[in-house]
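# Report on the structure
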Amino acid sequence: MGIRFVLMVNKQGQTRLAQYYEYLTLDERRALEGEIVRKCLARNEQQCSFVEHRNYKIVYRRYASLFFLVGVDDDENELAILEFIHLLVETMDRHFGNVCELDIMFHLEKAHFMLEEMVMNGCIVETSKSNILTPIQLMDKTS
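Residues numbered from 1 in each chain as written. Predicted model: local features only at pLDDT ≥ 70, side-chain atom pairs only at ≥ 80, totals over all residues. Heavy atoms only, no water.

As recorded by an unreviewed UniProt entry, the protein chain carries the name AP complex subunit sigma and is attributed to Cajanus cajan. Taken verbatim from the UniProt record of the protein chain, the Subcellular location (unreviewed entry) comment is "Endomembrane system". You can read under Sequence similarities (unreviewed entry) in the UniProt record for the protein chain the words "Belongs to the adaptor complexes small subunit family." (UniProt positions renumbered as here; feature names shortened; annotations may be inferred.)

### Topic: the packing of helix α2 (residues 78-96) against helix α4 (residues 108-118)
At a closest axis distance of 11 Å, the pairing of α2 and α4 adopts a crossing angle of 135°. What the angle tells us is that α2 and α4 run oblique. Helix-helix and strand crossings are classified by hand; for α2 and α4 the assignment is right-handed. Facing Phe-84, Leu-87, Leu-88, Thr-91, Met-92, His-95 and Phe-96 of α2, the residues of α4 in contact are Lys-110, Ala-111, Met-114, Leu-115 and Met-118. Residues belonging to the contact of α2 with α4 are distributed by class as follows: nine nonpolar, two polar and one charged. (Axes fitted to C-alpha atoms, helices over the stretch in contact; angles between N-to-C directions. Helix = DSSP H or I, 4+ residues; strand = E, 2+ residues; numbered from the N terminus. Parallel < 35°, antiparallel > 145°, perpendicular 65-115°, else oblique. Left-handed = near helix turned anticlockwise from the far one by under 90°. Contact = heavy atoms within 4.5 Å. Nonpolar A, V, L, I, M, F, W, Y, C, P; charged D, E, K, R; others polar.)

### Notes on the environment of Phe-106
Looking at the element boundaries, Phe-106 is found in helix α3 (residues 101-106). Phe-106 sits in the exposed class, given a relative accessible area of 58%. With 31 residues separating them in the primary sequence, Phe-106 and Asp-75 have C-alpha atoms 35 Å apart. (Buried < 20%, exposed > 50% of the residue type's maximum accessible area, 1.4 Å probe, protein only.)

### A word on the packing of aromatic side chains
Each aromatic ring pair is specified by the distance between its two centres and by the angle formed by the two planes. Tallying each qualifying case throughout the model produces three aromatic pairs. Ring geometry for Tyr-63 against Phe-68: centres 5.8 Å apart, planes inclined by 85°, an arrangement best described as edge-to-face. Neither Tyr-63 nor Phe-68 differs from the other in exposure class; each is buried. Three or more aromatic residues joined by ring pairs form one cluster here, namely Phe-5, Tyr-20 and Tyr-56. (Phe/Tyr/Trp six-rings, centres within 6.5 Å; stacked < 30°, edge-to-face > 60°.)

### Structural notes on the state of the cysteines
For the coordinates displayed, the defined rule picks out zero disulfides. Note on Cys-40: no disulfide assigned, nearest cysteine sulfur contributed by Cys-48 at a separation of 10 Å. Judged by relative accessible area, which is 1%, Cys-40 ranks as buried. (Disulfide = S-S within 2.5 Å.)

### A short note on the sheet that holds strand β5 (residues 66-72)
Judged by pairing direction, the sheet is antiparallel, and its five strands sit side by side in the order β2-β1-β5-β4-β3 without closing on themselves. In this open sheet, the two strands that pair with only one neighbour each are β2 (15-20) and β3 (50-53). If you compare each strand with its neighbour and ignore which way they point, the axes differ by 20° on average. Pairing analysis gives five bridges linking strand β1 (residues 3-10) to β2, with the strands arranged antiparallel. By the bridge assignment, Phe-5 is partnered in β2 with Tyr-20. Together, β1, β2, β3, β4 (56-63) and β5 form the strand contacts of helix α1 (residues 26-41), whose direction differs from that of β3 by roughly 140°. Contacts from α4 reach β1 and β2, with the element oriented near 35° to β2. (Pairing = 2+ DSSP bridges.)

### Notes on the layout of surface pockets
By volume, the largest pocket is sized at about 190 Å³. Those elements that place two or more of their residues in the lining of the largest pocket are α1 and β4. Here the element with the most residues in the lining of the largest pocket is β4; it accounts for three residues. Counted by class, the lining of the largest pocket contains four nonpolar, three polar and four charged residues. (1 Å grid on protein atoms, 1.4 Å probe; cavity = no way out; pocket = protein on both sides within 12 Å on 5 of 7 lines; lining within 4 Å. Points joined across faces, edges and corners; volume = space filled by probe spheres on them.)

In structure tokens, the structure reads:
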């Protein structure tokens, strides 16, 4: 499948966006998020951005006050996922203008929509920023 989940978390460990591409109950999600967030936030900047946890490989990156965490299969390329995270941040930057935690909180539906344009069923299907943002810009014009 590839990507199993995408999380955006602030420095305090509060989840701001969660998108899962496999079924987990709410209790399983809560437990998994807590374990992963604690593990990733405890690491320092000199450590690599890849962590193995349960049957996932976690690839994460920090941008300002937000951590972007992506859980993938063992056979997924970590550098490609880091590039995906960077593309997601650049796309959000282009739309919001230097994306921050408040943009995600107040425009959660747009953040989810961008992610849904990029990833379908755990596979990256779109990498063009303009193709990702065009439907959102059209929705903004009509509202």
